[in-house]
Amino acid sequence: MAADSGVGLRYVKEGTPLYNLCGNWCILLKKALYCIYPKNIVEFIVFDFTTDSIKVERREKETSIKEQILSGEIVKNSNLTFAS
């Protein structure tokens, strides 16, 4: 677990990309300001390197639920492959 973060690293999966954010001066210093790890489609972990110690926190994207109703008709002996 990252110190004082409450965020363990057991969720990290091989092949999942990490996103590094930096400004123009960071390229010269070869240092990222933030590193973002998408845990799933809603949660992500932010590693903050802007201070002397690394801050790690779990965040969530804003989500909304939209309810929709769909209807259709199943026709006997029809082929859904060619449905438009």
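What this report covers is the structure whose coordinates are included nearby. (Residues numbered from 1 in each chain as written. Predicted model: local features only at pLDDT ≥ 70, side-chain atom pairs only at ≥ 80, totals over all residues. Heavy atoms only, no water.)

**Quick look at the overall build of the protein**
Rule in force here: Only DSSP runs of H or I covering at least 4 residues are called helices, and only runs of E covering at least 2 are called strands; the numbering of each starts at the N terminus. Using a 1.4 Å probe on the protein chains alone, a residue whose accessible area is under 20% of its type maximum counts as buried, one over 50% counts as exposed, and one in between counts as partly exposed. Note on definitions: a residue-residue contact is assigned when non-hydrogen atoms from the two residues lie within 4.5 Å. Using a 1.4 Å probe, the Shrake-Rupley method yields the accessible areas, and only the shown protein chains count as cover for residues.
A count of helices and strands for the protein gives 1 helix and 4 strands. Ordering the α and β elements of the protein from the N terminus gives β-α-β-β-β. Looking at the protein as a whole, 17% of its 84 residues are labelled buried. Sequence separation of 24 or more characterises 15% of the internal contacts of the protein that already satisfy a separation of 6 or more. As displayed, the protein has an accessible area near 7,900 Å², and 54% of this comes from carbon and sulfur atoms.

**Observations regarding the pairing of strand β4 (residues 55-60)**
The test is simple: Strands pair, by our definition, only if DSSP identifies at least two bridges between them.
Alignment of strand β3 (residues 43-48) against β4, held across 6 bridges, turns out to be antiparallel. Its bridge partner being in β4, Ile-45 is matched across the sheet by Arg-58. Where β3 folds back onto β4 in an antiparallel hairpin, the turn is made up of 6 residues.

**Brief notes about the sheet that holds strand β2 (residues 34-38)**
Strand pairing in a sheet relies on backbone hydrogen bonds, with the paired strands running either antiparallel or parallel. Let me state the cut-off plainly: Axis lines are fitted to C-alpha atoms, over the contacting stretch for helices. Their N-to-C directions set the angle, which ranges from 0 to 180 degrees.
Reading across the sheet, the 4 strands line up as β1-β2-β3-β4 and stay open at both edges, with antiparallel pairing between neighbours. Whereas interior strands pair on both sides, the edge strands pair on one side only; in this sheet they are β1 (19-21) and β4. With strand direction ignored, the average angle separating the axes of adjacent strands in the sheet is 20 degrees. Note: β2 against β3, 5 bridges, orientation antiparallel. Opposite Tyr-37, over in β3, you have Ile-45 as the bridge partner.

**A closer look at the environment of Ile-36**
Within the secondary structure, Ile-36 is located in strand β2. When near neighbours in sequence (up to four residues on either side) are disregarded, Ile-36 contacts Pro-17, Leu-18, Tyr-19, Leu-21, Phe-44, Ile-45 and Val-46.

**Some thoughts on the side chain of Glu-43**
Note the threshold: Polar contact is defined as a pair of N or O atoms within 3.5 Å, subject to the rule that within protein one atom must be able to donate a hydrogen and the other to accept it, and that residues adjacent in sequence are counted only when both atoms are side-chain atoms.
Here Glu-43 is to be found in strand β3. For Glu-43, the side chain forms a polar contact with the side chain of Arg-58, separated by 2.8 Å. Leaving out residues up to four positions away in the same chain, Glu-43 has contacts with Pro-38, Arg-58, Arg-59 and Glu-60.

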